[in-house]
Amino acid sequence: MADNKVTYRIPNGKNSFVISFRHPVIKDVNGNGKKIQRGAGTSDEQEVLKLVNQLQLLIGDEKWHNASKRLEAVDTFNRIVVEAFYDCMPNTVEVNSALDVIPMMTLEDGFSNKALVGMSGCGKTTLLRKIMGTTKDVFPTTSTNRTTTCDMEVIKANVKEYEMAVQFISRNELEADLMDNMFDSIEYVMNALAEAGCVNDIEVLTTVLNHREMATRLTYLLGMPEVIADEEDDDDSAMSEDTLHDTFTYSEYELDLDKQDRFLCDIERRVKDIAEKYINEGKTFGDIENDIPSDDDVLTLVEDIISAIIEKFDLLKDGKRTNPKAIWPEGWFYKTADYNDFIKRAKIFVSDSYKAWGKLLTPLVKAMRMKGPFIEDGATEVVQEVITDGIGLGHNTNATSIPTSVLNRCEKADVIVFVDSASNPIMANAKDALKSLVEYGYADKLVFAFTKMDQVEGNNYRGLADKKAHVATILGNYLQFLRKQENTVLSETEVQSILTNCIYFSNLQKNAISKITAKGMQELHEKTNAIISKHISTDDVTFDYEALKLYYYIKEATLSFRKIWAEKTGYSAITNRTEHWSRIRALSRRLGLLGQESYCELQPLADFAAIVQENINVFINQPENIIPAQTSEEVADELKRVIKRTIGVGFRELNQKRMWTNDQPHQSWERAYYVVGTGSRMRRARIIENIFDEAAPNLADIPNLTEEQEEYLKEVIILVEDVLKQHGCELRKFRY
């Protein structure tokens, strides 16, 4: 029990105690209990001893050693003790119901649901402004970079008040990102001192505060020291129109800029001190990979940064926290009849305006749900509907599939608005996304919204009609390319449906509404109503399929996925497609410890689901028999789409269990994270390969299937068979 003894001390330069202990459940990279350090919030030794004794009780009694006991512990122990003990304990799947304080509306309630999807920078959020009627308020934030960093749900309703519910990331997730930043900043300092003998202070601070994948940008939250720019750099013409017009500063919340700068400079100094400490000990960065997570200086710095962040929750004036007893809020709810007050407060959670740095909670927001009497620009009354928006697809060109979160939005949507830039239409990532949406059975839900028509220029365009024809031709050519593939991806009826549902927008960033945009807004409503009201009966239609053919499609999909990911992890070979070991390790942590199924564009579950769906799409498109034989293509397509959508949802659920949430894979992902030291890349890759061997085994020829392969094949075939039966179709079985 020596390792589990709770200690307390006052760090140098501080005036309050910190508590340290080794966690009895969560291990570090060396197999010891993970070292946890938390601020006690007091300089009174008697008070800190009470916390120490409570922690010792938690550590010593295995009854409390399960994350499910957290709520019970809240009623028994001090909240500092509870959060110190439970924050790092993994959830199999992240659960946070902070948004549910505002009930979601559906078609049954009289609200259509439109999901905005598209590439980063294509104009999704700018279009959302027009739909919400908030263009003049520069809300939500947009820019040429990726600015939508959370999922947003907007409920436009005939009500008198505005409401917002905000869901925050967990403290555990933030700590994980900060530890990544510590590794990167210490490595930078050690390398810079070795190579140049000096470091760039701003570079150190930027590396500490902003995650390398831009997942968490704490400069918005904690600020940055002002940098004196050269005259030639201070060029307003290079700034976006949005930045020029966004005057948001949240003046009601006053910053002590001197205090802020001192804190930031202290962070930068302490990182350099830590790096120099290791250099003076004669160590290289490769020597200290195991040391950093347990280094008291590192843990104290991380705790100080998080304590400064917790102070920023003072921005949550009024309103209600969803877990008021906790130090770290899960979410926040606010209601007001004042539109301007609503916008001002909402910007705290989505803005990136440098004028408000130090006052923004943007980096901590995972999702927002807003409800109110939003009237779209140019209209006079509320159109009751739900609009969802999220992080743009293809932010990283290495992404190979649509994230599960986006697919879930599409499944719930009545209409999928695929937003794309007319100035560069249907680029590679847009093609991949469109193909995937068709394969998942969403072709009939698609409306193409082409933005930036004002940027389509050329001497060969006589007018707007030529520009529209140019954009539509590019889309049509790609759809016909898909049609001409050996195995048909989509039908001619679906091609024409997509081409018919194209609308166009221009100058969305301006307050004034162009004629093109006004027409586009009207057409969006018309096409939404047409899609919702369209009903094609498939009651009298049935398909027959051959299970043996399904086996070959599953085999091909599994082989393709395994080959791709063996290369990504470096298991099969190190190539230019192999990910850096630190990113694979970060993915392992997300899956094993944080209850998240992806890390940036690394998303094995979504990748496998997409590859399987690609093959399922071809299989479903080619039934052995269609009864009656004279069934129209339109009716046959409708039944195929329904089957594809249902299989897609079912396979994602099945795959999540097999590859992640079942005990064995979940523990293996956790183990993969803890692998460190010489040869860790290959050892981690081997663990992940073993996960895939169990969850998605490469299939041998039917007579030679192993027990694991038979189980996997059986589960997939039963899923497909059940879906087909549900829709009056048949899968002819074979023995395996």
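Computed from a predicted model, the values in this text were never measured in an experiment. (Residues numbered from 1 in each chain as written. Predicted model: local features only at pLDDT ≥ 70, side-chain atom pairs only at ≥ 80, totals over all residues. Heavy atoms only, no water.)

(A) The overall build of the protein chain, seen in detail. On a plain count of helices and strands, the protein chain comes out with 23 helices and 16 strands. Radius of gyration (C-alpha) of the protein chain: 27 Å, near the 27 Å computed for a compact globule of 736 residues. Seen through its C-alpha atoms, the protein chain measures out along the principal axes to roughly 85 × 70 × 55 Å. Across the 736 residues of the protein chain, 56% fall into the buried class. In the protein chain, the proportion of contacts linking residues at least 24 apart, taken out of those at least 6 apart, comes to 75%. (Helix = DSSP H or I, 4+ residues; strand = E, 2+ residues; numbered from the N terminus. Rg over C-alpha atoms; globule rule 2.2 N^0.38 Å. Buried < 20%, exposed > 50% of the residue type's maximum accessible area, 1.4 Å probe, protein only. Contact = heavy atoms within 4.5 Å.)

(B) Focus on the confidence of the model for the protein chain. Per-residue pLDDT for the protein chain has a mean of 89; in total, 93% of the residues score no lower than 70. In this model, residues 236–244 is a region of pLDDT below 50 whose contacts with residues beyond four sequence positions or in other chains number eleven contacts. (pLDDT = per-residue confidence, 0-100.)

(C) The arrangement of the environment of Tyr478 in detail. In this fold, Tyr478 is placed in helix H14 (residues 464–483). For Tyr478, a relative accessible area of 8% gives the class buried. Those residues in contact with Tyr478 that sit more than four places away from it in its chain are Ile426, Lys431, Asp432, Leu434 and Lys435. In this structure the side chain of Tyr478 is engaged in a polar contact, spanning 3.0 Å, whose partner is the backbone oxygen of Lys431. (Polar contact = N/O pair within 3.5 Å; in protein donor to acceptor, adjacent residues only side chain to side chain.)

(D) Layout of the layout of surface pockets. In this structure, the second largest pocket occupies an estimated 1400 Å³ of space. In terms of lining residues, the second largest pocket is bounded by 47 residues, among which Phe263, Asp304, Ser307, Ala308 and Glu311 are the most central. Elements with a minimum of two residues in the lining of the second largest pocket: strand E3 (33–39), helix H3 (79–86), helix H9 (257–280) and helix H10 (296–311). (1 Å grid on protein atoms, 1.4 Å probe; cavity = no way out; pocket = protein on both sides within 12 Å on 5 of 7 lines; lining within 4 Å. Points joined across faces, edges and corners; volume = space filled by probe spheres on them.)

(E) Expanded view of helix H23 (residues 707–726). Over its 20 residues, H23 runs 28 Å from end to end, which matches the ideal 28 Å to within 8%, given 1.5 Å per residue. Listing the buried residues of H23 in full gives Gln709, Tyr712, Leu713, Val716, Ile717, Leu719, Val720, Glu721, Val723 and Leu724. Contacts from the buried residues of H23 go to strand E14 (542–546), helix H17 (547–569), helix H19 (604–620), helix H20 (633–661), helix H22 (680–695) and strand E16 (730–732). Positive phi shows up at Gly728, right after H23, with a value of about 75 degrees. (Expected span 1.5 Å × (residues − 1).)

(F) Molecular detail of unusual backbone geometry. The peptide bond linking Phe139 to Pro140 adopts the cis configuration, its omega dihedral lying at -10 degrees. For Pro140, the location among the structural elements is in the loop between helix H4 (124–132) and strand E5 (151–156). The step from Ile627 to Pro628 runs through a cis peptide bond, and the omega angle for that step is -5 degrees. Looking at the secondary structure, you find Pro628 in the loop between strand E15 (625–627) and H20. The backbone phi angle of Val138 is positive, close to 50 degrees, even though this residue is not glycine. Relative to the helices and strands, Val138 resides in the loop between H4 and E5. With a relative accessible area of 8%, Val138 lands in the buried category. At Ile426, a position not held by glycine, the phi torsion is positive, near 50 degrees.

(G) Region of the structure containing the sheet that holds strand E9 (residues 365–372). The sheet built from ten strands is open, its strands ordered E7-E8-E6-E9-E5-E10-E4-E11-E12-E13 with mixed pairing. Sheet topology places strand E7 (320–321) and strand E13 (502–504) at the edges, where each strand pairs with a single neighbour. For strand E12 (residues 446–451) and E13, the ladder comprises three bridges, and the chain directions are parallel. Bridge pairing links Phe448 to Cys502 in E13. Packing of helix H13 (residues 428–439) onto the sheet brings it into contact with strand E4 (112–118), strand E11 (415–421) and E12, and relative to E11 it is tilted by some 165 degrees. Across the sheet, H14 touches E12 and E13, and the angle it forms with E13 is around 140 degrees. (Pairing = 2+ DSSP bridges. Axes fitted to C-alpha atoms, helices over the stretch in contact; angles between N-to-C directions.)

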